[in-house]
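Topology and contacts: notes
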Amino acid sequence: MGRRQSVVVTVVSSLLFISMPLTLAAAGLAGIVYGVEVGLGLHTTPVWVGRVIAAPVLYLVWLLLFLGICALELRGWQKFLGYGKPARVSERESRAQFYMIMLSYMRQHLVWRLPLAQSFIYVDGLRQLLLWGAAPRLRLGSRSFLFGFVYDADLIEIGDDVVLGAESVVLAHSITTTADGDRLYVTAPVSIGARTVVAGGSRVDLGVRIGADAIIEPLSVVTAFTVVGAGEVWGGNPAQFRRMRFETAAQASSTQALPTDEERVIREIVAAALYLKPDEVTHDLSADDCDEWDSLAQMSIASALQQQLHIVVPDAERFCMRSMADIRSVVGRVRLSSAALPTATAGATSSALPAALPIPSVQSQSALLLGLPDNAELLPLMDHAVVSSSLAARLFARSNAAVAGTLSCRVVIAATFTAEPLSASLKPWSDAFGISTGIEFAGFDQVPQTLLSSDSAFANNHTGVNLVLVRPEDVLAGPEGTRDHAMLDVLDAIAQFAERMPGTLVVGTLPPAVSPFFGVDRATVERCRAEWQSRLSEIDGITLLDFAAVVERLGIDGARSNGMEVIARAPYSDAVYRELGIEIARELRRRVKAPAKVLALDADGVLWGGIVGEDGVDGVLLGPDHPGRAFHLFQQHVLALKQRGVLLALVSRNTERDVWEMFDRHPDMVLQRNDFAAARVNWEPKSQNLRALAAELGLGLDALVFVDDDPANRLEVETNAPGVIVVPLPTEASEYVHTLSRLWCFDTAAVTSEDVERTTMVRQERLRQDVSAASGGMVSYLASLGLGVEMRLAEASDLPRVAQLTQKTNQFNLSLKRRTLTEIQALGQDARVHVIRAHDRFGTYGLVGVCVLLPGDAPDECHLDTLLLSCRALGRGVEDAMLYGVRVAVQSAGATRLRAPFVEGPRNQPMREFLVRSGFQECADNVFEHRAISDMGLPAHVAWNS
């Protein structure tokens, strides 16, 4: 369509869209007036005086008709043409849709300026009619007073009893001009909680979330994507937190909460600490009535009060709680003091939180349950103290019941100090990642005994996690000539246990000494720490937990608790125990969840500062010195992730030539073209590009991590590509590396050779697909590959990759047995673990298959316990060659029959089809048998090596 035609169409559609309801309303009013005159016999007499007197009434009738027609018309557009406001659209992408949206705003502006129209907003019923004229659906609470302007009512949720002051404006869209002159329209929903007051002259922009009972002060501007906590007062331009509207929840509950509710919660806390049922905890229960009510129980009660009621019991008060009456008394005293407010941890403060996840004041955090993100992978970026409290409250709200489908893990902890308080954060953080933990503590300061005893809790925990925590104050506590002996005894016990049960032991690094009661000089402590680290690095079969880093982040003063060390040998502050529990939860998550596989990166504002299409290659910010150093360091961090096996993808709304010119010409680019496994550089929505990338790489959306500096793009991806981990990148580029490094989703047990070469393998696979598309058929394509397959018994160095494949292979997997490294190592001597490697003329596939054979019930029978193959090797004959290798292994064992128990899952139907195609017959329900294994031949195009 030419420019002149486009202008004509725009003008005509504008006239129709705006003038038609006016015309129809006028015609309707004329008909009503004429009908009244005819009915009264006045159509033949002069009635101009009556018409003048009735003009206001006639105008009101016309206005109601006009608004009703607008509402009906808009619903017609929605129903028959799918009219709706998109998350994002540009003028160039869809000119018709863009101008349709602009016309709707023009008409809304016209309507709101009509006489009497805006007064309708004050009256229920008429208010809905006014807003329906510009919005196909409404989400308005009852009893609200709306004296301001509400644009985008279909995207704005307003709770009950909300007040919008005069001349206030709430809108959920923005219109900007891009660097190339295109006009861009973006929307993001707005939420205003119940009983909120937005004072006169204020403005609330797109993406804003305001909690219940909040106040926005007069003439304030709440900028896009700001989160205002419930009960908070914000003001200014841009609006910032001022104060709490009400007293904190802890203070309020001391005067407002029903005693019966408070008593119920306290009874449940005491019951959990004493291993009783809640109904067994009487109103006057005391330590004299219950032997379990000891010092550990008192510490557990104090921890639960903090997590569930936000009551921080001072150290001096913890061991005064020997009865229900004592607890009630302590709770009352603490609530009257400011001590009920938790402090943020050093190294995990709100200042470190990205701007897209604003943290309210400490008072607000302690008073209200924090709105947790839907994706648990974002929790490590937030304030750990606040998240711990919120997760514990969420866990308590469902009475500690396990969530359906969660994994379970037993954790046994042996420490040289009182370690029980760390369970307060370990359990809720593990639960957030779908891991239900059973936590058990060995006897106090019984580390060597627990490691060496054949019937200890460690020895009976074959599939869980056994954790050793030691501090230098305890292993260097003896006389000067014997100080090393205790440490060496613990290290020897660790080595012996690791040899007996490899893979089950996690050992904490040795932290700095923090106790003021410890008299050993610093040089001796540092020598001890170095020796500890050196010896642990020589022990196979253990995992290190960075206990030292937890203490170092908090600092010596912030890590110690002198009073608790004297009273209960619990030498660390609440912050240390909290962070230590979180660190253990991270280790559990790493063991049971596959890491993210792809890091999808925006270009402008992320890999370099500025806009390459506007500033040019020489004008962007990138280099070893400020102001481009932050981006240079970020690229180095991203490259390190790539070298650990993370695939990199480029997702940029840009001109492709400009972006690649930046990679080719800028001398300070750390990342190069070949570091990216895939790229999407275009003007399509980023959610669409991410979906295409996932399909190209054969991955689910939950394997992707998306980094973009534009909040609108991040919101668009969160909305339209659920599952993608969208990183809330901070506004300062100097915080990029810190933010990315705090994520847990890239944690992996070990970096295998396949991980290091993953990007190269993806590129090789793309070459294979190109050759396949250009070949004359499948036979000629396979013949041209030069495919070689090797099958051999697994060696110790292969086992981490074997465990990795059992955990993440879904399609071509016979038994779906998910085994950890420990479980692979623990397989009996009768089990023969074979690995399959493949290569072709384009390069190596790496270790792609696993076969575990077990003796059968009869001498001539073998059981196929595990048979799996990575999906990237399917469809080229590797699976048939692998089955040939199974035949060779079975025959070498003297057997002639092969049994293959099949476990059906949501995605492994290809394995069942392969068994049937290969001559297996189902002899029982999901049990397949092959009685003529000599028929398992080697494909002609495969070069075999065994």
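These figures come from a predicted structure and were not determined experimentally.

Here the focus is the overall build of the chain. When helices and strands are tallied, the chain shows 34 helices and 36 strands. Sequence separation of 24 or more characterises 65% of the internal contacts of the chain that already satisfy a separation of 6 or more. Of the roughly 41,400 Å² that the chain leaves accessible, carbon and sulfur atoms contribute 55%.

Side chains of nonpolar character tend, in soluble globular proteins, to be buried together. Counting residues in hydrophobic clusters, the biggest one holds 43 residues, and the most contacted among them are L379, L422, W429 and L469. When contributions to this core are tallied by element, the ones reaching two or more residues are helix 12 (384-397), strand 19 (407-415), helix 13 (423-432), strand 21 (465-469), helix 18 (547-554) and helix 21 (574-592). Beyond its immediate stretch of four places on either side in the chain, L422 contacts I413, F441, L469, Y577, L580, G581 and I584.

Across the sheet, 5 strands lie side by side as 2-5-10-13-16; this open sheet has parallel pairing. If you trace the sheet from one side to the other, it starts and ends with strand 2 (139-140) and strand 16 (227-228), each paired once. By the bridge criterion, 2 bridges tie strand 10 (residues 190-192) to strand 13 (residues 209-210) in an arrangement that is parallel. Residue pairing for strand 13: I192 is matched across the bridge by I210.

Moving on, we come to the sheet that holds strand 22 (residues 505-508). Taken in spatial order, the 5 strands line up as 20-19-21-22-23 in an open sheet, and their pairing is parallel. In this open sheet, the two strands that pair with only one neighbour each are strand 20 (435-441) and strand 23 (542-545). Going across the sheet, the axis of each strand differs from the next one's by a mean of 25°, ignoring polarity. Pairing of strand 21 with strand 22, which is carried by 3 bridges, proceeds in the parallel orientation. Each bridged residue has a counterpart across the sheet, and for N466 the counterpart in strand 22 is L505.

At a minimum axis distance of 8 Å, the contact between helix 25 (residues 686-697) and helix 26 (residues 711-720) shows a crossing angle of 55°. Comparing their axes, helix 26 and helix 25 come out oblique. Across the interface between the two elements, K686, S687, L690 and R691 from helix 25 touch N713, E716, V717 and N720 from helix 26. Looking at the contact of helix 25 with helix 26, its residues break down into 2 nonpolar, 3 polar and 3 charged.

The next thing to look at is the confidence of the model for the chain. Interpreting fine coordinate detail is not advised for predicted regions of low pLDDT. Averaged over every residue, the pLDDT of the chain is 78; the share at 70 or more is 76%. Averaged over each element, pLDDT in the chain is lowest for helix 11 (residues 362-367) (32) and highest for strand 27 (residues 704-708) (95). Confidence drops under pLDDT 50 across residues 247-259; counting only partners more than four residues distant or on other chains, this segment forms 15 contacts. Low pLDDT, under 50, characterises residues 400-404; the predicted model gives this stretch 4 contacts beyond four residues in sequence or across chains.

Below, the discussion takes up the environment of A224. Take A224: it is sitting in the loop between strand 15 (221-222) and strand 16. Among residues more than four places away in sequence, those in contact with A224 are D205, L206 and V208.

Attention now goes to the pairing of strand 30 (residues 832-840). Of the pairings in the sheet, the one linking strand 29 (residues 787-793) to strand 30 comprises 6 bridges and is antiparallel in character. Bridge pairing links E790 to R837 in strand 30. Looking at chain direction, strand 30 and strand 31 (residues 843-855) are connected through 9 bridges and run antiparallel. Pairing of H834 across the sheet is with C851, part of strand 31. Adjacent in sequence and paired antiparallel, strand 30 and strand 31 are bridged by 2 residues.

The rules behind these values
Residues numbered from 1 in each chain as written. Predicted model: local features only at pLDDT ≥ 70, side-chain atom pairs only at ≥ 80, totals over all residues. Heavy atoms only, no water. Helix = DSSP H or I, 4+ residues; strand = E, 2+ residues; numbered from the N terminus. Contact = heavy atoms within 4.5 Å. Areas by Shrake-Rupley, 256 points an atom, 1.4 Å probe, with all protein chains shown as cover. Core = buried A, V, L, I, M, F, W, Y, C linked by side-chain atoms within 4.5 Å. Buried < 20%, exposed > 50% of the residue type's maximum accessible area, 1.4 Å probe, protein only. Pairing = 2+ DSSP bridges. Axes fitted to C-alpha atoms, helices over the stretch in contact; angles between N-to-C directions. Parallel < 35°, antiparallel > 145°, perpendicular 65-115°, else oblique. Nonpolar A, V, L, I, M, F, W, Y, C, P; charged D, E, K, R; others polar. pLDDT = per-residue confidence, 0-100.

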